Amino acid sequence: MEHHQPSAARSYYDERYWNDIPAVVEHINVQVSGKPDTEWDAHFFARLGRAAEHALILNCGNGAIERNLYDQGFIRSATGIDISTQLLDEAAAAAGDRPLRYHRMDVNTADFPAEPFDLVVNFSAGHHIACLDRVFRELCRRLPDDGWFVSYDYVGPHRNQYPHDLWFAACRVNQGLPEAMRQTFVYPHLPTMIAVDPTEAIHSELVVDTWSRYFVTDEYRPVGGAIAYPVLTHNDDVIADPARWTDEIAVVLAADAELIQGNPSAALFAYWAGTPNKAALEQHEQLARWTDEEDARERTAGASGGGDWADPCGGNPGINANVNAIRRNARDTSPPKAERT
Ligand SMILES: C[S@@+](CC[C@H](N)C(=O)[O-])C[C@H]1O[C@@H](n2cnc3c(N)ncnc32)[C@H](O)[C@@H]1O
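Provide a residue-level description of the confidence of the model for the protein, including the pertinent values.
Here the protein averages 88 in pLDDT, while 86% of its residues score no lower than 70. Under a pLDDT of 50 for its full length, residues 308–341 has, in the predicted model, 57 contacts with residues more than four places off or in other chains.

Break down the site of the ligand for me, with residues and values.
Asn59, Gly61, Ile83, Ser84 and Val107 are the nearest of the 21 residues found near the ligand. For the shell around the ligand, a count of residues per class yields 10 nonpolar, 9 polar and 2 charged.

Please set out the sheet that holds strand β4 (residues 119–123) residue by residue, giving values where relevant.
The mixed open sheet is built from 7 strands, whose spatial order is β3-β2-β1-β4-β5-β7-β6. Looking at which strands have only one partner, the edges of the open sheet turn out to be β3 (100–104) and β6 (215–224). Taken over all neighbouring pairs, the strand axes of this sheet differ in orientation by 15 degrees on average, direction set aside. Two elements, strand β1 (residues 55–57) and β4, share 3 bridges in a ladder whose sense is parallel. From the neighbouring strand, leucine 56 faces β4, where its bridge partner is valine 120.

So what about the environment of leucine 132? Which residues, and what values?
Mapped onto the elements of the fold, leucine 132 is located in helix α5 (residues 132–142). Counting along the chain gives 162 residues from leucine 132 to glutamate 294, while the straight-line C-alpha distance between them is 8.2 Å. The contact partners of leucine 132, leaving out residues within four places of it in the chain, are Gly126, His203, Leu206, Val207 and Thr210.

Basis of the calculations
- Residues numbered from 1 in each chain as written.
- Predicted model: local features only at pLDDT ≥ 70, side-chain atom pairs only at ≥ 80, totals over all residues.
- pLDDT = per-residue confidence, 0-100.
- Contact = placed C-beta atoms within 7 Å.
- Near = placed C-beta within 6 Å.
- Nonpolar A, V, L, I, M, F, W, Y, C, P; charged D, E, K, R; others polar.
- Pairing = 2+ DSSP bridges.
- Helix = DSSP H or I, 4+ residues; strand = E, 2+ residues; numbered from the N terminus.
- Axes fitted to C-alpha atoms, helices over the stretch in contact; angles between N-to-C directions.

Okay, structure coming up:
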């Protein structure tokens, strides 16, 4: 089966996101760890109480994640996997003499590297994976009983096709801001998204549900983003001079936090961690059903170029069920027209 691959032209490190704003980083830290200066990794390893011996870094990109984990003493070594030769070359060059190894592979189809690992790190990777069931099942099998899987990822609607009521909630917050900092709201255009990067948010709302089949959740922290991400991401004026907009950024983040408090399933981003549930690997009939379901979904998505994967979560309620219910209600109407504010 042919799987989507990122377009060679896609650059993951040139665009400016909401977390390029220091106040947003503090906000995310509070959602994850309760402390503005404690990031997800420090939080996770404090809870674990030890360093990991060898980490497998999914879709590692330019390797910044594992360099950072190693430099802080959180991991003793790591293997990064990615499909991009260019990014792997960058990662290997930047690794210097750190014990970091790299393998080029398509995460959806290849066998994971043979060396043992006691930690899997999914940082912004799962939302680029098509065959989530296959990947999470295999990682459950490969991790030792006392191994861990930690994630910080986009878990919102696939292809950023936000539910209409959340999109308009973000539009309303945006409208209340001074004109000079307002975002230009343009609803993500599906064909453009698929053309630019067919792996982007391919089945993002399935990431947590599918992961939960094979792992016991230790912590799940909805981070938010439904309001603040569309208002602040690519908002170049604000990102260039966040100090000028301190109060307004605080208003946006407060609206975001309020929304997530009332509806945690609406979070676009989440942090979570857990341990392998080896018993899941014994449920052979269930595993066969999940394989068939995933194969059928990927055949449909592959045949249509990835564009008609309209009902990813039908009959699959889970942690994102509220968002999915909203999406199901909205599906009969066409996406909102690009709205200029
Ligand atoms: C959003 S980037 C995240 C990179 C890195 N985790 C980080 O946070 O800096 C997504 C990564 O997924 C990789 N990717 C996309 N499809 C892939 C596939 N089928 N197999 C392996 N890697 C893939 C891309 O090359 C890219 O490096």
